[in-house]
Amino acid sequence: MEVDKAEEAPKANGATEPTVEAPAVATVDAKLKAVLALVERSVKQKDTRLLIGRLLRQTASVRKQLTPSSVKAFLQQSLPADLESRVFLSAHVEQASASGMDADEATTSPQCEAATVIPEVELYAYLIVLLFLCDSQQYKLARAVAENAVARVGQFNRRTLDVIAARIYFYYSLTYEQMGELASIRSALLALHRTAVLRHDAIGQETLMNLLLRNYLHYNLYDQAEKFRSKAQKADQFRSGQQYCRYLYYLGRIRTIQLEYTEAKDCLQQALRRAPTIAHGFRITVSKWLILVRLLLGEIPDRQEFAQPGMSAALQPYFELTQSVKTGDTVTFQQVAQRFSSVFLSDRTHNLITRMHQNVIRIGLRRINLAYSRISLAEVATKLHLASAEDAEYIVAKAIRDGGIDAVIDHDGAFMASRERVDVYSTAEPQAAFHARIAFCLDLHNEATKAMRFEPDAHRRKAESSEARQERLAAEQELAKALEEDDGEDF
Amino acid sequence: MEEVKQDFRLDLAQKVFLIKTADVGDVDREALKAEVIATLLKDNLSPLYQHLATELGWELDAAKLAEMQAANSAKLAKLEEKRKDAEENLGETEVRDAMLAKAEYLGSIGDREAAVVAYDAVEKKTASGGALVDLLFSQIRLFMLYGDWSRVKSLVARAQTLCEDGGDWERKNKLKVYQGVLALYTRQFAAAADLLLDSTATFTASELFPYSRLIFYAVVAALPTLSRAELKKRVVDSPEVLAVVHCLPGCQPLLEALYHCKYRQFFTAFLEVVGSMRQDMLTHHHVRHYSRELRAVAYAQFLESYKSVTLESMAAAFEVSPAFLDAELVEFICAGRLHAKVRACMGTAQIRL
């Protein structure tokens, strides 16, 4: 499960030598100042959408370059000196830097001019400190900051604060998870979720629901997770793509454990498709679960799925497992499962592997059915390493009943004969296949239509002048470019 | 035209490959290692020595290395001198020749990056398309030595565009051979067969390998991919192939077995051919795939003439045990290569289509 976070922690902390820092600090400074200006502007316009988009993207780009001195400089600049949060945060940054880095130079940055700041700026400062501490793996300090942050957020009821608050909740849960104390915050998260629902805080709702699901699944409380998920109020449209991705993944896992493999496969496939390409850890985990669900459904995943760039090493045990399942040989399957048991245990997919024994036999049976038009049950037993011909008969009978293979058993002659292969186009199969595909495309179309958003004042706007039009086109281009650079860093 | 000697780098590459690959039996690795080291020392191939030492885990003799590097730099200095001299006193062609000499020297000692830079410089001075293509060929051989096949691929693509724009026939034929080799390495047996069989009549690229080797690759690539009519026309009846094939181990019997349906000798010949494939650096990785393909072709061909045949008689035809054949058939039927079904009852088995 840790891989879910691993994908977000950038590879290197921006720790350069202090002497080279002066120019780096300046650019970080400039970026953070720009972000603050953005925050203030959007609060004035009460435009939360702008917050969600550009704020988070810019934060993501700044994140890698944060160092203790730059964070301190930022704190000094943005928060008024007498605000207790600033004292608290600076102390923590000091602690963090004392434990890791070399001595800072005395940065002479401008002190904060304003006497008070809007809560968004203050909580954004909290967020920056949290990001910095988490990235430098100092989770104890981060936890203290997160607790404080959540308490502070609770004192406000502003919709413009929602996005930043949602991020803070995420890091709150993350720090507790890293310290191994997830269970203790469960009630707090539930309370926060209730509040978010009451206040129609959509992004908060989504984030908290995912955090709670993760909490339950961490301790394998699948029943509770499902109960929570079914009873909690959700919006029909998820605002944040990344939250939806996560939600689908957790849902897929719940469905797998509940033995509803078709639904699980659906959810996991969607999660994989929607995941941003740079979210490697997430994609690897989802792929692993998807492979196992497909094997449990009786279909063998293609070789291409294992050969994706960056994922092939992690998926290697699963590839070998798939190969042993494909041959339908229980002996090799057991051997492979034994060999990689530590990997499966650490991935927490071990119990799924144990469920697969039956599937291996079923697949072996299918191969025999394909190759032999008639074969004695004793031979079936030897080929599948079953105990006796009787066992084989029972298993074959069950498989025929379940629709896994197309055959008849002749009990007196003690053999199994496959039925004549009928022309598939005379059955209803092609129609069903077409129907499924068409339904998928239409669903996609409908969802896209429903997800379109229009500006609330569009119908009232007069015809725009040419400058306004150019401005709008330029803004749209910038947005498109920024969207292209994958923002998997966000959540 | 007299046959050019094989580029010593490819010979070296083959030896290094044999040393590196653990699962090739019957190979005296110590002797090969001694040979390789002797060649390295004789010609002062210091970059290659370093590269191989790290890759194969040999201990690096620092003194020898220093010696070799000194010899290299001395030679390079001399070549630089010549080039400067040519620039000042002689004409363009001499300058180019001097630069080419330098590039070739760098290529021959195995210094990849410097060689590429030097070759690029020569390219700028080269006008004729044919000479350009020759330069590309030398670079390709250099990269084959290092096993850097992605570079080889890009260089072959460049050479192809150059030849299409206007190259003489000799270069085009050579290019075919290089492309065939690349296809063989990347498991595109059909393309490889096509290219290599085409170039049997006009083979001039013996710096890659001798003629007999070309025929070996061509036949090996052709067997699982060509239809029977094509096989007869281009391989069985081809005078070039017939001239050489008897000295290649196992090829002639395998060809006969497959074409003239002498299945009894199929497996023995097959094992011989696969053995020599395993020892060759271009085909080693494809042995498993190749053996599956060839077996599928053989079984499918056998079953084509029957409506139903007992497992025993088929096993007798191929001179294998019925149990072995049973397992094979199940595998190929499930993979969809054979359109047949086995009907096993009362101890005997019948294969029905």
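Residues numbered from 1 in each chain as written. Chains lettered and ligands numbered in written order. Predicted model: local features only at pLDDT ≥ 70, side-chain atom pairs only at ≥ 80, totals over all residues. Heavy atoms only, no water.

In the annotation of an unreviewed UniProt entry, the entry for chain B reads 26S proteasome regulatory subunit RPN7, and the organism field reads Tetrabaena socialis. As recorded by UniProt, the Function (unreviewed entry) comment attached to chain B reads in full: "Acts as a regulatory subunit of the 26S proteasome which is involved in the ATP-dependent degradation of ubiquitinated proteins." (UniProt positions renumbered as here; feature names shortened; annotations may be inferred.)

Within an unreviewed UniProt entry, the label attached to chain A reads Putative 26S proteasome non-ATPase regulatory subunit 3a, and the organism entered is Tetrabaena socialis. The UniProt entry for chain A carries the following comment under Sequence similarities (unreviewed entry): "Belongs to the proteasome subunit S3 family."

Engineer: How would you summarise the interface of chain B and chain A if you had to cite specific residues and measurements?
Structural biologist: Across the boundary between the two partners, chain B contributes 11 residues, which contact 13 residues of chain A. Of the roughly 1,100 Å² buried where chain B meets chain A, counting both sides, 52% is carbon and sulfur surface. Contact with chain A buries area across many residues of chain B, yet B:Cys334, B:Lys341 and B:Ala344 alone supply 48% of it, more than any other trio. Applying the counting rule to chain B against chain A returns 1 salt bridge. With a shortest N-O distance of 3.1 Å, B:Asp326 and A:Lys383 are connected by a salt bridge. When contributions to the side of chain B that touches chain A are tallied by element, the ones reaching two or more residues are helix H18 (322–334) and strand E2 (341–345) of chain B. (Contact = heavy atoms within 4.5 Å. Buried area = accessible area lost by both parts, 1.4 Å probe. Salt bridge = Lys/Arg side-chain N within 4 Å of Asp/Glu carboxyl O. Helix = DSSP H or I, 4+ residues; strand = E, 2+ residues; numbered from the N terminus.)

Engineer: How would you explain the packing of helix H12 (residues 241–257) of chain A against helix H13 (residues 261–274) of chain A if you had to name every residue and give the values?
Structural biologist: Residues and elements named next belong to chain A. Interaxial distance between H12 and H13 falls to 8 Å at its minimum, and their mutual angle equals 155°. In terms of their interaxial angle, H12 and H13 are classed as roughly antiparallel. Like other packed secondary-structure pairs, H12 and H13 cross with a definite hand, here left-handed. Here Tyr244, Cys245, Leu248, Tyr249, Leu251, Gly252, Arg255 and Thr256 of H12 lie close against H13, whose contacting residues are Tyr261, Glu263, Ala264, Cys267, Leu268, Gln270, Ala271 and Arg274. Per-class residue counts for the contact of H12 with H13 are 10 nonpolar, 3 polar and 3 charged. (Axes fitted to C-alpha atoms, helices over the stretch in contact; angles between N-to-C directions. Parallel < 35°, antiparallel > 145°, perpendicular 65-115°, else oblique. Left-handed = near helix turned anticlockwise from the far one by under 90°. Nonpolar A, V, L, I, M, F, W, Y, C, P; charged D, E, K, R; others polar.)

Engineer: Tell me about the sheet that holds strand E2 (residues 407–410) of chain A, residues and numbers included.
Structural biologist: A sheet is described by the order of its strands in space; here 6 strands give the open sequence E2(A)-E3(A)-E1(A)-E2(B)-E3(B)-E1(B), paired in mixed fashion. Edge positions in the open sheet fall to E2 of chain A together with strand E1 (308–310) of chain B, since each of these has one partner strand only. Along the sheet, successive strands turn relative to each other by an average axial angle of 20°, direction set aside. When E2(A) meets strand E3 (residues 415–418) of chain A, the two strands line up antiparallel, connected through 4 bridges. In the strand pairing of E3(A), A:Val408 is matched with A:Ala417. Where helix H19 (residues 357–371) of chain A meets the sheet, it contacts strand E1 (372–376), E2 and E3 of chain A together with E2 of chain B, and its direction lies at approximately 115° from that of E1(A). Seen against the sheet, helix H21 (residues 389–401) of chain A touches E2 and E3 of chain A and runs at an angle of roughly 145° to E2(A). (Pairing = 2+ DSSP bridges.)

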